[in-house]
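Chain and residue survey
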Amino acid sequence: MGKDNKYDLIKGFKSQDKLLNLNSPLVMGILNVTPDSFFQNSRNRDVEKAIKWVKEIISAGVDIIDVGGVSTRPNADLLSTEEELKRVIPVIREINCRYPDVLVSVDTFRSTVAREAVLAGAHIVNDVYGGRFDEQMFDTVAELDVPYILMHSRGDAGNMQTLCEYNDVVMETCKELSHSVMGLRKKGVKDIIIDPGFGFAKDLEQNYELFENLDFLKSLECPILVGVSRKSMIYKLLGVGPKEALNGTTVLNTLAFIKNASIIRVHDVKEAVEMKQIITALKK
């Protein structure tokens, strides 16, 4: 990481008894406890199937497991809070029981789910709506005192692709994230990771413009998470589908680490970990 960034001085984020070390690249593995994720291979409906996947990605070298119970793909149905809790809490508890040393993130935009997930053993809250869906989210994260992943987005799953009008997608994304970062700081949230929100209220061209200028987001002085795994910005450009988008995903993830992103969020952990090993060796 560049020496001009304040967060470079932070060796890690403390979350309960776990240390999230951000001085080297981290791989976050996606665990969707849903029947309708856009990538079919990532769907895990029951606890045992989910735990089997967890065992595989731990063996592959995953750093963080991101557990989500609600699909946020375009036009996805909005699940009830009760159903989301039923999906994610048993899985988080089981991971915490069987693999207590593993860092777990909960992918949710509801403060109630965030609280229950942390009580069940989650260490990080990953919010795709950046506190816009639930006005209690910032207060809850501050009270829980856990790292918070703040993603840039506009609207919701039903209308986000109609909200892609920007004069300058890089500047406006940075400005909107900055406003939220200041709000979190005022609430006392210390450990903030920002996610530019690729694919959320951004069209194909805007996604690549934002990615090309990823370094600009360092002005927010927060670690950066990049989540592009098998997304439409890859498969639409290449004229394929999500199943054929692994190669393009690896290319962008490699560039993300070269651009000093701290975390990449992926479906394919083994390939991402191998890439991380190569990038780490090169940087030495």
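See above for the structure.
Model, not experiment: these values are computed from the prediction.

Quick look at the overall build of the chain now. Check the secondary structure of the chain and you find nine helices and ten strands. By sequence separation, contacts in the chain at least 24 residues apart represent 68% of the contacts at least 6 residues apart.

Pairing is parallel in the open sheet, where eight strands are placed in the order E8-E7-E6-E5-E4-E3-E10-E9. The sheet terminates laterally at strand E8 (192–195) and strand E9 (225–226), the two strands that pair on one side only. In the packing of helix H5 (residues 169–187) onto the sheet, contacts are made with strand E7 (148–151) and E8, and the angle to E7 comes to roughly 150°.

For the rest of this paragraph, the subject is the nonpolar core. Core analysis: the biggest nonpolar cluster contains 77 residues, and Val67 and Val226 have the highest contact counts within it. Of the residues forming this core, the biggest block, six residues, is contributed by H5.

What follows deals with helix H2 (residues 81–98). The end-to-end C-alpha distance of H2, which contains 18 residues, comes to 26 Å, matching closely the 26 Å that a straight helix rising 1.5 Å per residue would cover. The complete set of buried residues in H2 reads Glu84, Arg87, Val88, Ile89, Val91, Ile92 and Ile95. For H2, the elements touching its buried residues are strand E3 (26–32), helix H1 (47–60), strand E4 (64–68), strand E5 (103–107) and helix H3 (111–120).

Our focus in this paragraph is the side chain of arginine 230. The residue arginine 230 is located in the loop between E9 and helix H7 (232–238) in this model. For arginine 230, a relative accessible area of 5% corresponds to the buried category. Looking at arginine 230, its side chain comes within polar contact range of the main-chain oxygen of proline 242, at 2.8 Å.

On inspection of all chains with the given rule, the structure shows five aromatic pairs. Residues phenylalanine 109 and phenylalanine 133 carry aromatic rings whose centres are separated by 4.5 Å and whose planes lie at 65° to one another, so their mutual orientation is edge-to-face. Here phenylalanine 109 is found in the loop between E5 and H3, whereas its partner phenylalanine 133 is found in the loop between strand E6 (124–127) and helix H4 (137–144), with 24 residues between them in sequence. Geometrically, the ring pair formed by phenylalanine 198 and phenylalanine 211 is tilted, given 5.6 Å between the ring centres and 50° between the ring planes. Of this pair, phenylalanine 198 sits in the loop between E8 and helix H6 (204–212) while phenylalanine 211 is found in helix H6, placing the two residues 13 residues apart along the sequence. The structure contains a cluster of three or more aromatic residues connected by ring pairs, namely Phe109, Tyr129 and Phe133.

Rules and cut-offs
- Residues numbered from 1 in each chain as written.
- Predicted model: local features only at pLDDT ≥ 70, side-chain atom pairs only at ≥ 80, totals over all residues.
- Heavy atoms only, no water.
- Helix = DSSP H or I, 4+ residues; strand = E, 2+ residues; numbered from the N terminus.
- Contact = heavy atoms within 4.5 Å.
- Pairing = 2+ DSSP bridges.
- Axes fitted to C-alpha atoms, helices over the stretch in contact; angles between N-to-C directions.
- Core = buried A, V, L, I, M, F, W, Y, C linked by side-chain atoms within 4.5 Å.
- Buried < 20%, exposed > 50% of the residue type's maximum accessible area, 1.4 Å probe, protein only.
- Expected span 1.5 Å × (residues − 1).
- Polar contact = N/O pair within 3.5 Å; in protein donor to acceptor, adjacent residues only side chain to side chain.
- Phe/Tyr/Trp six-rings, centres within 6.5 Å; stacked < 30°, edge-to-face > 60°.

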